[in-house]
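Notes for the structure review
Residue strings, one per chain:
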Amino acid sequence: MKTTFATALAFGVSLSPAFAQELTVLTAGDQNMVDYVNEYLGPLFEAEHPGVTVRAVGTGPGDAGSQKILERFEAQAGANASVWDTDVAVVHEKFAGPMVTAGYLAAYRDAITTGSLVTRANADMALGAEVKGYVMPMFNSQTALAYNPAMVETPPQSYDALKAWAAEHPGQFGYNGIKGGASGVSFVMGWIYAYGEGDAAKLMNGPFEEAETGKWDKAFDELAAFTKNATLTAGNAGTLDMLAQGEIAIGPVWVDMFYSWKANGQLPEDFRLVLPEPGMPGQPMHYVIPEKAPNADLARAFVELATSPKVQAEGIVERFNWYPGIDAGHVQAELPAETWDKLFTDVTPDQLAARGKPFPIAPYNIAILEAYERHLAQ
Amino acid sequence: MTRLLWIPRGIGLGLLAFLIFGPLLNLLLWAFAEKWFYPNAFPSDWGFSYWGRVFSPRGAAWEALGNSLTVALLTVALSLMLSIPAGYALARLPLPAKALILLSFLIPQAFPNLTVYVNIARIFYQFGLNGTIAGVVIVHTVHGLVLSVWIATAAFSAVPRDGEEAARSMGAGPFRAFRDVTLPQALPGLLAAAIFVFLESLDEFTGSYFVGAPDVQMLPLTLFTAAGGGNYQIASITALLLLVPSIGFMLLVERFLKADVLARVGK
Amino acid sequence: MPSPALPRHRSALPGLLLVAPALAMVLVFFVLPLAASVTGAFATEEGRSLANFAKIADLYLPDILFTLLVIGLSTLLIAVFSLAIAGYLTLGRNPRAVALLRWLYRWPLFIPFIVTAQVLRTFLAKNGMLNGGLELVGLVDPATASNWLDGRAIVFAFVWKQTPFVTLLVAGAMTSLDRGTIEAALNMGASRLRTLWDIVTPQVAGTLMTGLILSIVTMMSVLSVPMMLNATAPTTITADIAFRINAYGDYGVANALGVVSLLMTSGFAILYLRLGLKERT
């Protein structure tokens, strides 16, 4: 047994590439996030820093991917590791707050030159938790309703219109509930913003009051009835897949995924987006650097490159059609007008400003999800 | 009358073939589909562009395949090393509470392992086992031990005792008698155990993630990311890649996977 | 105390020594971390309490029942199919059909769960191959067809993946049976179905139960299948555990769900032990 152990260890050592200068980037999200680092950012960074290898590791789509990064940090903090195994991580907004609170992250934003290019509020506050200085947004994402124009003649411009349309077309609206990814969660949050009897602004900005959580019963009863008439899909990708396969006509999706699927040829070219009133939530993905990152200097340089106007223009907007992380003005200047305008083909800048909402702050977020489970899972 | 029996037999076998190979055929189609939307019954564009992406120099598919294979083989080795003595003892030697001992190997499968692996990762960090092949091998071994111990026990109970006793009476030591007489007879059963442990290891995801990533990338992690993101092409190609060692191993050891070898499992 | 070196003594020591490394492995690398999880199930912000279990009773009872139903149905179907296939392999008269079946049934054994979930996701979709096949024989009308992606998909996946495993064990047990009694029954005019049920099945019941219990624990802990195939509520306990952790960062309820799941498998295991003991005595 001892010898096996020794062999196994020897194998482990000889197989795990132990370069002195290896930058490990953990990224939550879909395959395209891993590809983005592997195929685009990594080579770009390596060209500027000879001798450095960038290693991207995908931790899985959705909140689960970010949760796994959080757990890695927790495990290393719990083991009192002096040097962690992650240089840069890309996490969902929801997880930035807990990571800052737990003291896992380095405050690096002021130390990099691109730090001043971000002024949007969601780079300072994440679902009610202050994260200023600890995060740089990689890109901003938004949920919207994707639809198949062949099956939806007049796209619903509001939740009310959607309700009416869905009543006439049973089973044609599809969403992924709350357990299969954030696009479904986002649809539910939008529903509560629209039909909850409380104050939607309070849900987004706080403060948290227990009484507020009792004002959603009617909205959830309606949502339960609405859901009976809808098709449930398996995950964010499941909704897009069912759209592509003609099983549903309309459903909530992440705008960035929608465009990636189109670019990949996974969705027909003529599919469109609509952002209904009063609005649906969106969120940024954040770059964070652990306090105990093995190559902190390189990590900062990496994020600096990734949030530079040129990379944001070329990588985020042009390659993927994602909304930039740093302020739009800096990015727009780097791009020809038609490329920039492509971002807003379906959802105009005005609509985005008016109907693009943040997610509710963390305690409301949890309360809404549990209320959903209580009302709809039975 | 009996002549017409080929009809239900044919239908039955055909149905079974459809249910077994239908899904696999779907996998093959997706691996080569460039575009496939409703209402097309088959992909409208075929090609290899996704293969190029999976095997791109930075796509890490080769590394993941190598890691998955290494871990699976080492897991098989470690499992057998633990299960051969345990299985022999459980089959041959007097032991108190045999049933309970056998059942205790079920525990690692009986508790949903997500929360447990978080704790294991925490412990492994303290010993520097996290992010090493050795760490992943340990987790996989513990998970697959129930199969290897149970099947090894069955394999040893199927070997008649007289051979070993004869060898002992002729002056061979207990180890020698075991090695020369009992072990060769139990070998097919032990190889069957090896197959199941190998497959279990290739399939394992949660432990691989918590203990292995990011230093040790494994194929199921790649597959899960691609599948969760709805990239069926990449997921299907990765799945095919994962099938290569499975089926390769099967062809290699299939002749040992004879039914009678497993006859005594659970007795 | 008798010396362990003497071969014929009924000392348990050598046996225990040989089992010890494997047991230690399970103890150190699973039971200890598991203990932390179980204590975690009772930990709440207000100290130790049953609050996490109260929340389960409040939110997840339908899911627990659903899990029992899915596992129970899958187990039943696996038992039926594996007996049928193994039975045909043992009693089948047409050597070519037997050979074909033997070659055919094993394939899913070598397909990992995560791949199974992935392929079935497209196979069972509304416009997938299953509905396509059913349409072809006129069993399904394409206009009203719906997808299979709910509890049925999980059962399909479990049965698809686990039947070959149990069949392999059961067929193994069947080949080692005494052909004499079987032939005698057949010669006396018993149908093959009767022979399978009355003569063969009772003799392989132990092996069948072992295969089923191994399948049950496997199915209870598989996460990829419910996550990728089941879109609807209710869902399985494993999916709830993942959701509890991912959406709420709530290990308390997740651990408590783990304990519920452990109790369920223990229930199956005790049943198995009881039946096993009865048979041996």
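Residues numbered from 1 in each chain as written. Chains lettered and ligands numbered in written order. Predicted model: local features only at pLDDT ≥ 70, side-chain atom pairs only at ≥ 80, totals over all residues.

The name given to chain C in an unreviewed UniProt entry is ABC transporter permease, with the source organism recorded as Cereibacter changlensis JA139.

Under an unreviewed UniProt entry, chain B has the name Spermidine/putrescine ABC transporter permease and belongs to Cereibacter changlensis JA139. The annotation that UniProt attaches to chain B under Sequence similarities (unreviewed entry) is "Belongs to the binding-protein-dependent transport system permease family." (UniProt positions renumbered as here; feature names shortened; annotations may be inferred.)

Now for the overall build of chain B. When its secondary structure is counted, chain B shows 12 helices and 2 strands. The order of helices and strands in chain B, counted from the N terminus, is α-β-β-α-α-α-α-α-α-α-α-α-α-α. Residue pairs at least 24 apart in sequence account for 75% of intrachain contacts in chain B once pairs closer than 6 positions are excluded. (Helix = DSSP H or I, 4+ residues; strand = E, 2+ residues; numbered from the N terminus. Contact = placed C-beta atoms within 7 Å.)

Our next topic: the overall build of chain C. Across its full length, chain C holds 12 helices and 2 strands. Counting from the amino terminus, helix and strand elements in chain C follow one another as α-β-β-α-α-α-α-α-α-α-α-α-α-α. When the backbone C-alpha atoms are referred to their principal axes, chain C occupies close to 80 × 70 × 30 Å. Going through the 281 residues of chain C one by one, you find that 50% of them count as buried. (Buried ≥ 20, exposed ≤ 12 C-beta atoms within 10 Å, placed from the backbone.)

Residues and elements named next belong to chain B. The UniProt record annotates "transmembrane region" (unreviewed entry) at residues 12-33, 69-88, 100-125, 137-160 and 232-253. Annotation note: span residues 100-125, helix share 85%, strand share 0%, distance between end C-alpha atoms 32 Å. Across residues 137-160, helical content stands at 92% and strand content at 0%; the span's end C-alpha atoms are separated by 33 Å.

Opposite the 35 residues of chain B that make contact, chain A presents 39 residues. Those elements that place two or more of their residues in the side of chain B that touches chain A are strand 1 (33-35), helix 3 (61-92), helix 6 (113-127), helix 7 (133-158) and helix 11 (219-228) of chain B. Residue classes in the side of chain B that touches chain A are distributed as 20 nonpolar, 10 polar and 5 charged. (Nonpolar A, V, L, I, M, F, W, Y, C, P; charged D, E, K, R; others polar.)

Before going further, it helps to spend a moment on the nonpolar core. If you look at the biggest cluster of nonpolar residues, it comprises 179 residues, and the most contacted ones within it are Ile-120 of chain B together with Ala-157, Val-170 and Leu-229 of chain C. Of the residues forming this core, the biggest block, 18 residues, is contributed by helix 7 of chain B. Residue contributions to this core reach at least three from each of two domains, namely domain 1 (1-47) and domain 2 (58-262) of chain B. Among all residues touching Ala-157 of chain C, those that are not within four sequence positions of it are Thr-116, Ala-117, Leu-120, Val-225 and Leu-229 of chain C. Core analysis: the next-biggest nonpolar cluster, separate from the first, contains 110 residues, Leu-70, Phe-73, Ala-219 and Val-303 of chain A among them. (Core = buried A, V, L, I, M, F, W, Y, C linked by C-beta atoms within 7 Å. Domains from an automatic or database assignment.)

All names here are of chain B. Contact geometry for helix 7 and helix 9 (residues 174-203): axes closest at 8 Å, N-to-C directions at 155°. Classed by the angle they form, the pair helix 7 and helix 9 counts as roughly antiparallel. Considering how the two elements wind past one another, helix 7 and helix 9 form a crossing that is right-handed. Contact residues: His-140, His-143, Gly-144, Leu-147, Ser-148, Ile-151, Ala-152, Ala-154, Ala-155, Phe-156 and Ala-158 in helix 7; Thr-182, Ala-186, Gly-189, Leu-190, Ala-192, Ala-193, Phe-196, Val-197, Glu-200 and Ser-201 in helix 9. Here the contact of helix 7 with helix 9 is composed, by residue class, of 13 nonpolar, 7 polar and 1 charged. (Axes fitted to C-alpha atoms, helices over the stretch in contact; angles between N-to-C directions. Parallel < 35°, antiparallel > 145°, perpendicular 65-115°, else oblique. Left-handed = near helix turned anticlockwise from the far one by under 90°.)

As a further point, take the UniProt feature "transmembrane region" (unreviewed entry) in chain C. Residue and element names in this part refer to chain C. Mapped onto this numbering, the UniProt entry annotates "transmembrane region" (unreviewed entry) at residues 64-91, 103-124, 153-175, 196-220 and 253-273. Secondary structure content for residues 153-175 is 100% helix and 0% strand, while the C-alpha to C-alpha distance between its ends is 33 Å. Helix makes up 100% of residues 253-273 and strand makes up 0%, while its end C-alpha atoms are separated by 30 Å.

It is worth spelling out the interface of chain C and chain B at this point. Every contact between the two is made by 75 residues of chain C and, on the other side, 77 residues of chain B. Take the side of chain C that touches chain B: its biggest share by element is 17 residues, from helix 1 (residues 13-42) of chain C. Its residues assigned to classes, the side of chain C that touches chain B comprises 52 nonpolar, 22 polar and 1 charged.

Okay, the domain arrangement of chain B next. Residues and elements named next belong to chain B. Segmentation of chain B into domains returns domain 1 (1-47) and domain 2 (58-262). If you average the C-alpha positions of domain 1 and of domain 2, the two centres end up 32 Å apart. With 4 residues of domain 1 at the interface, the matching set in domain 2 holds 6 residues. Considering every element that reaches the side of domain 1 that touches domain 2, the biggest residue donor is helix 1 (residues 6-32), with 3 residues.

Right, let's get into the pairing of strand 9 (residues 250-254) of chain A. Residue and element names in this part refer to chain A. Most of strand 9 sits out of view: 5 of its 5 residues are buried. A two-sided burial pattern is seen for strand 9, the buried positions comprising Ile-250, Pro-252 and Trp-254 on one face and Gly-251 and Val-253 on the other. Across 5 bridges, strand 6 (residues 136-147) lies against strand 9 in antiparallel orientation. Within strand 9, the position partnered with Leu-145 by the bridge is Pro-252. (Pairing = 2+ DSSP bridges.)

This paragraph deals with the environment of Gly-238 of chain A. For Gly-238 of chain A, the position within the fold is in helix 9 (residues 235-244). Separated by 62 residues in the primary sequence, Gly-238 of chain A and Asn-176 of chain A have C-alpha atoms spaced 7.4 Å apart.

Time to look at the confidence of the model for chain C. All names here are of chain C. For chain C, the mean per-residue pLDDT works out to 84, and 92% of the residues sit at or above 70. Confidence, read as mean pLDDT per element, is least for helix 6 (residues 129-136) in chain C (80) and greatest for helix 3 (residues 61-91) (93). Residue range residues 1-7 is modelled with pLDDT below 50. Its contacts to residues more than four positions away, or to other chains, number 7 contacts. Scored as a complex, the prediction yields pTM 0.84 and ipTM 0.82. (pLDDT = per-residue confidence, 0-100.)

All names here are of chain A. Most of strand 3 (residues 88-92) is tucked away, with 5 of its 5 residues classed as buried. The two faces of strand 3 match: Val-88, Val-90 and His-92 on one face and Ala-89 and Val-91 on the other face are all buried. As paired elements, strand 1 (residues 22-27) and strand 3 share 3 bridges and run parallel to each other. What sits directly across from Leu-26, in strand 3, is Ala-89. Bridge count between strand 3 and strand 11 (residues 280-288): 4 bridges; the pairing is antiparallel.

For chain B, per-residue confidence averages 82 on the pLDDT scale, and 90% of positions sit at 70 or higher. No element of chain B has a lower mean pLDDT than strand 1 of chain B, at 76, and none a higher one than helix 3 of chain B, at 91.

Residue and element names in this part refer to chain A. Omega for the bond connecting Gly-206 with Pro-207 falls within 30 degrees of zero, at 0°, which places this linkage in the cis form. Within the secondary structure, Pro-207 is located in the loop between helix 7 (200-205) and helix 8 (217-228). We note that Leu-127 has phi near 50°; this positive angle belongs to a residue other than glycine. Within the secondary structure layout, Leu-127 lies in the loop between strand 4 (125-126) and strand 5 (129-130).

Once that is clear, we can look at helix 16 (residues 362-376) of chain A. End to end, helix 16 of chain A covers 21 Å across 15 residues, agreeing with the expected 21 Å (1.5 Å per residue, within 8%). Those residues of helix 16 of chain A that sit buried are Tyr-364, Asn-365, Ile-368, Ala-371, Tyr-372 and Glu-373 of chain A. Where helix 16 of chain A is buried, its residues touch helix 6 (182-195), helix 7 and helix 8 of chain A together with helix 2 (51-59) of chain C. (Expected span 1.5 Å × (residues − 1).)

The next point concerns the environment of Arg-122 of chain B. Relative to the helices and strands, Arg-122 of chain B is located in helix 6. When residues no more than four places from it in sequence are discounted, the contact partners of Arg-122 of chain B are Ala-75, Gly-78 and Ala-79 of chain A.

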